[in-house]
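# Survey of secondary and tertiary structure
Here is how the chains run, residue by residue.
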Amino acid sequence: MDADYGIARELSDLQKLRSQYQPELPPCLQGTTVRVELGDATTAADPSGEHVISRSFPHTYGQPLAHFLRATAKVSDAQIITEHPAKRVGIVFCGRQSPGGHNVIWGIHDALKIHNPNSTLLGFLGGSEGLFAQKTLEITNDILATYKNQGGYDMLGRTKDQIRTTEQVNAAMAACKALKLDSLIIIGGVTSNTDAAQLAETFAEAKCQTKVVGVPVTLNGDLKNQFVETNVGFDTICKVNSQLISNMCTDALSAEKYYYFIRLMGRKASHVALECTLQSHPNMVILGEEVAASKLTLFDITNKICDAVQARAEQDKNHGVILLPEGLIESIPEVYALLQEIHGLLTQGVSTDKISSQLSPWASALFEFLPPFIKKQLLLHPESDDSAQLSQIETEKLIAHLVETEMNKRLKEGTYKGKKFNAICHFFGYQARGSLPSKFDCDYAYVLGHVCYHILAAGLNGYMATLTNLKNPVNKWRCGAAPITAMMSVKRYGRGPGKASLGKPAVHPATVDLKGKSYELLSQNATKFLLDDVYRNPGPLQFDGPGADAKAITLCVEDQDYMGRIKKLQEYLDKVRTIVKPGCSQDVLKAALSAMSSVTEILSVMTSPSSNVNTPF
C-alpha cells in the first residue's frame with residue numbers, strides 16, 4: 001500500500017492548468033530574511049480556565065505572539081534572522097481530508113528550499129500511524145508536481161486523527177528523535193491541534209529538539225478564535241456544496257412538488273450550513289446552535305418546519321429546500337440525553353440487541369418512538385472522542401419522516417389544504433471534501449506553509465501558523481503565529497445531579513455565534529428566504545474570471561483582524577510611553593492617569609471570571 005503514496009497523478013487538462021497556478025506570497029514572507037517581532041505574553045481567553053491550562057502546560061503556556069514583518073517595517077526590537085542552517089522537517093496529515101492540504105506541504109517545501117537547498121522535508125505516510133511507525137517519504141519537486149493545487153490527501157494519506165495516549169506520544173517522540181527532526185508540522189483541526197499542543201509540551205519537558213507546529217486545516221470551519229479567522233478547506237467545501245444546493249433549489253422550483261432535505265457536514269458547529277445558506281438562499285436552515293440555545297425538542301423542530309410548509313402552501317408553493325447540519329441530532333436535548341445513555345451502556349459492554357431493555361423509562365419511550373432505521377444508527381459505537389457517528393445518522397430522513405407524518409395528520413384534519421407533502425433527502429458529506437481547492441484555499445494553504453518555516457526559523461514551539469485580515473487581498477494579509485495554549489479553554493461537564501467536574505484543557509470547536517454579524521445577516525433575510533424563493537446559484541467553483549476571488553460571506557461580514565488590533569494597541573501604548581515621560585507637564589500626567597484609571601477599571605470588570613461573557617461553562 002505504501003507504494004501508492006506520492007506517485008504521479010494522471011491529470012485532466014483542468015488539473016494540469018491548476019497545477020501551474022503559483023500562489024502569491026505576502027510581502028513579509030518574500031526574500032530570504034526572516035523578521036519576527038515577539039509581542040506580549042499570551043493568556044487564556046477564559047480567565048477561569050487559566051490556572052488549569054498554565055498548570056497543564058508549564059513549558060508552553062504564556063508564550064508571546066509572533067508577528068512576521070516585511071523588510072521595510074520600522075520595528076526596532078524585531079529579530080532579524082539571516083542565517084538559515086539546513087533543517088529536517090516532518091509533516092503529517094492528522095485530520096480528515098480537506099481541500100488545500102497539499103498546498104501546505106508545497107508551501108513549507110518551497111520555504112525550506114528557498115532558505116537552504118540542503119533542507120529536507122519528510123512526509124509521514126498514512127497519517128499518525130505512519131508517524132508512529134516512522135514511515136516517511138522525502139518530498140521533492142518531482143513528487144509535488146502533480147499535487148500542487150489539487151484536492152485530497154492521497155500524496156501521503158491519513159488514518160486515525162489522534163496522538164493522545166502515552167504510548168502514541170512516546171512513539172511520536174521516538175520517531176522525531178530517530179529521524180533527527182527540527183520540526184514536526186501537524187495538519188488538522190481542533191482535535192489534532194490539541195494533540196499538537198500536548199506533543200509540544202511533552203517534547204519541551206523531555207528536552208527533545210523537535211519543535212511542534214500546528215496548521216488550521218479542517219472542512220468544518222470550527223477551528224475559529226481570535227487568532228484564526230477561517231480554516232483551509234472551508235471556502236472550497238462551502239462553494240462546492242452551495243452549487244449542489246442551488247441545483248436542488250432550481251429543480252424544486254421547476255417541478256414544484258418536492259421538498260429537499262439536505263444534511264451538510266458540521267459536527268459540533270453549523271458553520272458550513274450557515275455559509276451555504278448565505279450563498280445559495282434555500283428556504284430554510286435549522287442550525288444546531290439555535291436548537292441548543294432555545295432547547296428545541298424534536299416536536300418543536302417538526303412543528304417549525306410544518307408551519308413553514310403550511311405558510312408556503314398558502315402562497316401556492318408546494319416545494320422547498322431545507323438545510324440541516326449533521327450535528328443537529330446531538331443538539332436536540334432529549335436525543336442527546338438518549339445518546340448519552342446508549343453510549344454509556346455500549347461502554348459497559350452491553351450488546352446492541354439488549355440496550356433498549358436497559359434504558360431508563362423516558363429514554364426507552366423516545367427510542368421506541370423513533371423509526372427503525374434511526375434506532376439502528378443510534379446504536380452505532382461512538383467515535384474516538386465519544387461523539388455519535390454523525391455522518392451515519394440520517395437526521396434528514398428522520399426530520400422528513402416526522403414532517404410528513406405531521407403534514408398528513410394536518411391534511412386529514414383539514415387544517416392543511418395544500419398538496420400532499422413529498423420529501424427527497426440528501427447527505428452532502430463526501431461530495432466536496434475531495435474537490436480541487438478554490439483559489440482562496442490554494443493561496444491560504446500555501447502561505448501557511450511558508451509561515452511554518454518562519455516559526456521554525458524563529459525557534460518557536462507549540463505554535464499555530466496564523467494569517468489574519470484574510471478578507472483583503474493577499475498582499476494585505478498579516479502573517480504570524482500564536483501559542484496553541486492561548487486558544488484553549490477548560491469545559492465543565494456534568495456527572496449527575498449536583499455534580500460537575502473540570503475537563504482537560506483543549507482547543508474546542510467554535511460554534512456559530514448567535515450574536516455575530518453572520519447570524520444577524522441570516523436572521524434579517526430568513527423570512528424572505530422562506531417565502532419568496534430568492535434562490536441564488538453561485539455556479540461551479542471558479543479558478544479565473546468572475547467569482548474566482550469571491551470569499552466566504554461569513555469571513556467577509558465579520559469584523560476580525562485580531563492580530564492587527566493587537567498591533568494597533570501596542571502602537572498606542574508605545575505612544576503613551578513616548579508622550580508621558582518624566583519631566584512632562586502636570587496636566588499631561590494627570591490626563592494620562594485619569595484615562596488609564598478608567599480603562600483599567602473597565603477592563604478589570606470585563607475580564608473578571610464572574611462577568612466573563614465568553615466562559616464555556
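Going by the structure above, here's the rest.
Residues numbered from 1 in each chain as written. Predicted model: local features only at pLDDT ≥ 70, side-chain atom pairs only at ≥ 80, totals over all residues. Heavy atoms only, no water.

Time to look at a nonpolar patch on the surface. Together, Val599, Ile602, Leu603 and Met606 make up a nonpolar patch on the protein surface, roughly 370 Å² of accessible area in all. Position of Leu603 among the secondary structure elements: in helix H22 (residues 586-607). Overall, Leu603 belongs to the partly exposed group, its relative accessible area being 45%. (Patch = residues over 30% accessible without salt bridge, like charges linked within 9 Å, V, L, I, M, F, W, Y side chains within 5 Å. Areas by Shrake-Rupley, 256 points an atom, 1.4 Å probe, with all protein chains shown as cover. Salt bridge = Lys/Arg side-chain N within 4 Å of Asp/Glu carboxyl O. Helix = DSSP H or I, 4+ residues; strand = E, 2+ residues; numbered from the N terminus. Buried < 20%, exposed > 50% of the residue type's maximum accessible area, 1.4 Å probe, protein only.)

What follows covers helix H3 (residues 101-115). Helix length check: H3 (15 residues) gives 22 Å between terminal C-alpha atoms against 21 Å at 1.5 Å per residue, within 8%. With respect to burial, H3 is a largely interior element, 13 of its 15 residues being buried. (Expected span 1.5 Å × (residues − 1).)

Here the structure, examined in full by the defined rule, presents 5 cavities of 30 Å³ or more. Of the pockets and cavities examined, the largest cavity occupies roughly 50 Å³. Forming the walls of the largest cavity are Gly221, Lys224, Glu229, Thr230, Phe234, His271, Ala552, Thr554 and Leu555. For the lining of the largest cavity, the class distribution of residues is 3 nonpolar, 4 polar and 2 charged. (1 Å grid on protein atoms, 1.4 Å probe; cavity = no way out; pocket = protein on both sides within 12 Å on 5 of 7 lines; lining within 4 Å. Points joined across faces, edges and corners; volume = space filled by probe spheres on them. Nonpolar A, V, L, I, M, F, W, Y, C, P; charged D, E, K, R; others polar.)

Among the secondary structure elements, Ile185 is positioned in strand S7 (residues 183-188). Residue classification places Ile185 among the buried positions, given a relative accessible area of 1%. The spatial distance from the C-alpha of Ile185 to the C-alpha of Trp477 is 22 Å, given a sequence separation of 292 residues. Dropping the residues within four chain positions of it, Ile185 is found in contact with Val89, Gly90, Ile91, Val92, Ile108, Val213, Val215 and Cys452. (Contact = heavy atoms within 4.5 Å.)

Take the pattern of salt bridges next. According to the stated counting rule, one finds 12 salt bridges in the structure shown. A salt bridge links Lys239 to Asp235; the shortest N-O distance between them is 2.9 Å. One end of the pair is Lys239 and the other is Asp235, both in helix H8 (residues 234-255) and 4 residues apart, which spans about a single turn. The buried category is assigned to Lys239, whose relative accessible area is 12%. With relative accessibility at 2%, the residue Asp235 sits in the buried group. When the shortest N-O distance is used, the salt bridge between Arg312 and Asp533 registers 2.9 Å. Placement of the pair is Arg312 in helix H11 (residues 298-313) and Asp533 in the loop between helix H19 (517-532) and helix H20 (553-557), with a sequence separation of 221 residues. A relative accessible area of 1% means that Arg312 is categorised as buried.

Helix H17 (residues 395-413) packs onto H11 with a crossing angle of 60° between their chain directions and a minimal axis gap of 9 Å. For the element pair H11 / H17, the angle class is oblique. Crossing hand, H11 versus H17: right-handed. Where H11 abuts H17, its residues Leu298, Ile301, Thr302, Asn303, Ile305, Cys306, Asp307, Val309 and Gln310 lie against Leu398, Ile399, Leu402, Val403, Glu406, Met407 and Arg410. Residue classes in the contact of H11 with H17 are distributed as 10 nonpolar, 3 polar and 3 charged. (Axes fitted to C-alpha atoms, helices over the stretch in contact; angles between N-to-C directions. Parallel < 35°, antiparallel > 145°, perpendicular 65-115°, else oblique. Left-handed = near helix turned anticlockwise from the far one by under 90°.)

Right, let's talk about the environment of Thr202 for a bit. Summarising the element assignment, Thr202 is placed in helix H7 (residues 190-205). Put simply, Thr202 and Ile342 are 140 residues apart on the chain and 35 Å apart in space, counted from C-alpha to C-alpha. In this structure Thr202 touches Val169 and Met173, once residues within four positions along its chain are discounted.

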